[in-house]
Amino acid sequence: MTGALDVVPRTEGRWKAREVWCAVAGVVSLALAVGAASTVAVPVASDLGLVAVLPFPFWVGVALLNVAFVVALRGDAAGPARRLVMVWLVVVLVLVLFGTAAFVTDVPRGEVAFRHLGIADVLSDTRGIDPDIDAYFNWPGFFALLATVLGATGLDPVAVALWAPVLNVGLWLVALGVLTGYLTRDPRRRWLVLWVFCLGSWQDQDYLSPQAFGFFLYLVVIALLVGPLAARAPGFPGFRGFRRADLAAWWRGRVPAETRPGLRVGALVVTVLLVAVICASHQLTPFMLLIAVTALTLSGRVWPGRLPLIAVVLLTLWLAYPASAYLIGNPPLAEAGLQGATEANVLDRLSGTAGHVLVVQVRIVLTLVLWALAAAGAVRDWRRGRLDIRVVLLAVTPLLLFPAQLYGGEMLIRVSLFALPFVAVLACSILLPTGGSTHPAAHAAHGGTHPAAHVAQDPTRPSFRAAGALALICFLLAVMTVTGRFGNAQYDVFTDDEIAAVAEVHRLAPPGASIISAAHPTPWRSEDYLDHRARTIDDMCRSDLSTATCGPLVYDFARQGPGGAVVLLMRSSEASLVLQGAGSARGFAELEEWLSAQEGVELAFSNADARVYRVTP
């Protein structure tokens, strides 16, 4: 097992000065970060996003928090600081890294969270589920749950969307904490895995979404597979070859790690139910789960040998029936290919303004750094005979889906997210190296009879120099994560004027009318989801946004329907086109001027950040 180190439990008693200092440092860090973020004015004007406008005290708080964590992690000969202190520091980190935007503005980031609220609103009505509406209604599980929770609790949907990143990351960390408990008994490593996971979470997939929900369930299923449903394989000494008889003998040599049959059966039932929920809630997560379950099973480390077959049956049934309406027009492997995936996920994203390209490069560097640390950690564990093949498989198997589907140019983002927990586990082997073998068998072989023999040497306690280096690395990772997560703040952090303009659009647009926005970063469709056709100028004129070509296309589409159209031109959506290199501010101003001069087009609303034009049919 990875880092299976026996450690004497810390005796709960009087708080030590170090623990009090670390807890107070967490309070100070949170106060500095919240206070600094609350002074940031929107809209954000920098191409680098929030990282360029967050005041200096914010970074002081981030640095202090990482130093406090490393001090608490180092602890003393009995282990790290008491659990309450460690939990508090992790909570502060989650609030600082994932709640920063909520301290800047009370408007949820990004367009998609608003859209998801609109879908949940539809499902809360009596209209039922129509899979022909769009892809979301082919996987309605998450939205049905969201509608139920909002209806039962009376919570403000906007507030739920605003704080969803903090809640989702909290759920992920709980599942990851349970999972790592089955992989290592070293408390320092378990806490550091949670910390590194947060510091590497630049993917920004924790908003109110089926992906965030599905990823949580994914981690729960993996925890069940490495816990109650785990098996002990004979290992390489018992592996005689790849002949059928040898493989069969090796397979029959497996034994369940959990000796209580009732617990295994209960865990299996829960696992099957969670697989079904995942299949009903998200397009991609079931495939990630299927690959992980299959890899773990073939490694001989999962006791229910037919679990991959059960997952295949559940996934196939869902795709063949509830999701068939979407799959008819969107074959799963229609966009498969390594070259196309590389272009969509990497090359196409390295365009736009210099600041935007720098943000993308920071994300790439952060991912490569974590993978390099993981590779070095894996080599270190292998040389010491403590490499857990399950962790390696879970880290690398998501890469198999990269060339299978473009996924809107976001497949690499999803791959890095699903690999991150296990990349963090491997990276901790180099960030927190141990001074010798920590496997229980090795302990017994050396005549160890009591955990105190290990505590006296305390091989996992970093030296002062190693602790200082770890604090510096964590701070640098935090800076890159803030840059990567909030690098699009110029167009995914909305202003009150933009929200007011969207509200005016919904008031002006009659049922059946089209609503046209410049580009997708638009906080719309949170209500009246089925009452309007929603299109963007970027989608209609993707190849050419020039006035001569794009203007007539938009104007003709706006006048097609019996209810006409409402055209919404916002600062954020226009900024997204400029930052990503799809257009220029001057070109878009010319397009707006041309549209406003056409017959039947009138300016119905305007403020500092938006203009709303009504187009009669």
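Being a predicted model, the structure only gives us computed values, none of them experimental.

Visitor: How do you make sense of the packing of helix H2 (residues 56-74) against helix H21 (residues 464-485) when you look at a structure like this?
Guide: Two numbers describe a pair of packed helices, the interaxial angle and the distance between the axes. Contact pair H2 / H21: the axes reach a minimum separation of 9 Å and the direction vectors enclose 140 degrees. In terms of orientation, H2 lies oblique with respect to H21. Where H2 crosses over H21, the handedness of that crossing is right-handed. Side by side, H2 and H21 meet where Phe58, Trp59, Val62, Ala63, Asn66, Val67, Val70, Leu73 and Arg74 of the first sit next to Phe464, Ala467, Leu470, Ala471, Cys474, Phe475, Ala478, Val479 and Val482 of the second. Tallied by class, the residues present in the contact of H2 with H21 amount to 16 nonpolar, 1 polar and 1 charged.

Visitor: I tried to follow the packing of helix H5 (residues 112-124) against helix H6 (residues 141-153) on my own but got confused; where do I start?
Guide: Contact pair H5 / H6: the axes reach a minimum separation of 8 Å and the direction vectors enclose 75 degrees. Here H5 is positioned roughly perpendicular relative to H6, judged by the angle of their axes. Contact with H5, carried on its side by His116, Leu117, Ile119, Ala120, Leu123 and Ser124, involves Phe143, Ala144, Leu146, Ala147 and Leu150 of H6 and no other residues of that element. Taken together, the residues of the contact of H5 with H6 break down into 9 nonpolar, 2 polar and no charged.

Visitor: I tried to follow a nonpolar patch on the surface on my own but got confused; where do I start?
Guide: A contiguous nonpolar surface patch, about 420 Å² in accessible area, is contributed by Trp15, Val20, Val24, Val28 and Leu84. With 3 residues, helix H1 (residues 17-37) is the single largest residue contributor to the nonpolar patch. Following the sequence through the fold, Trp15 ends up in the segment before H1. The class of Trp15 is partly exposed, set by a relative accessible area of 35%.

Conventions adopted
- Residues numbered from 1 in each chain as written.
- Predicted model: local features only at pLDDT ≥ 70, side-chain atom pairs only at ≥ 80, totals over all residues.
- Heavy atoms only, no water.
- Axes fitted to C-alpha atoms, helices over the stretch in contact; angles between N-to-C directions.
- Helix = DSSP H or I, 4+ residues; strand = E, 2+ residues; numbered from the N terminus.
- Parallel < 35°, antiparallel > 145°, perpendicular 65-115°, else oblique.
- Left-handed = near helix turned anticlockwise from the far one by under 90°.
- Contact = heavy atoms within 4.5 Å.
- Nonpolar A, V, L, I, M, F, W, Y, C, P; charged D, E, K, R; others polar.
- Patch = residues over 30% accessible without salt bridge, like charges linked within 9 Å, V, L, I, M, F, W, Y side chains within 5 Å.
- Areas by Shrake-Rupley, 256 points an atom, 1.4 Å probe, with all protein chains shown as cover.
- Salt bridge = Lys/Arg side-chain N within 4 Å of Asp/Glu carboxyl O.
- Buried < 20%, exposed > 50% of the residue type's maximum accessible area, 1.4 Å probe, protein only.

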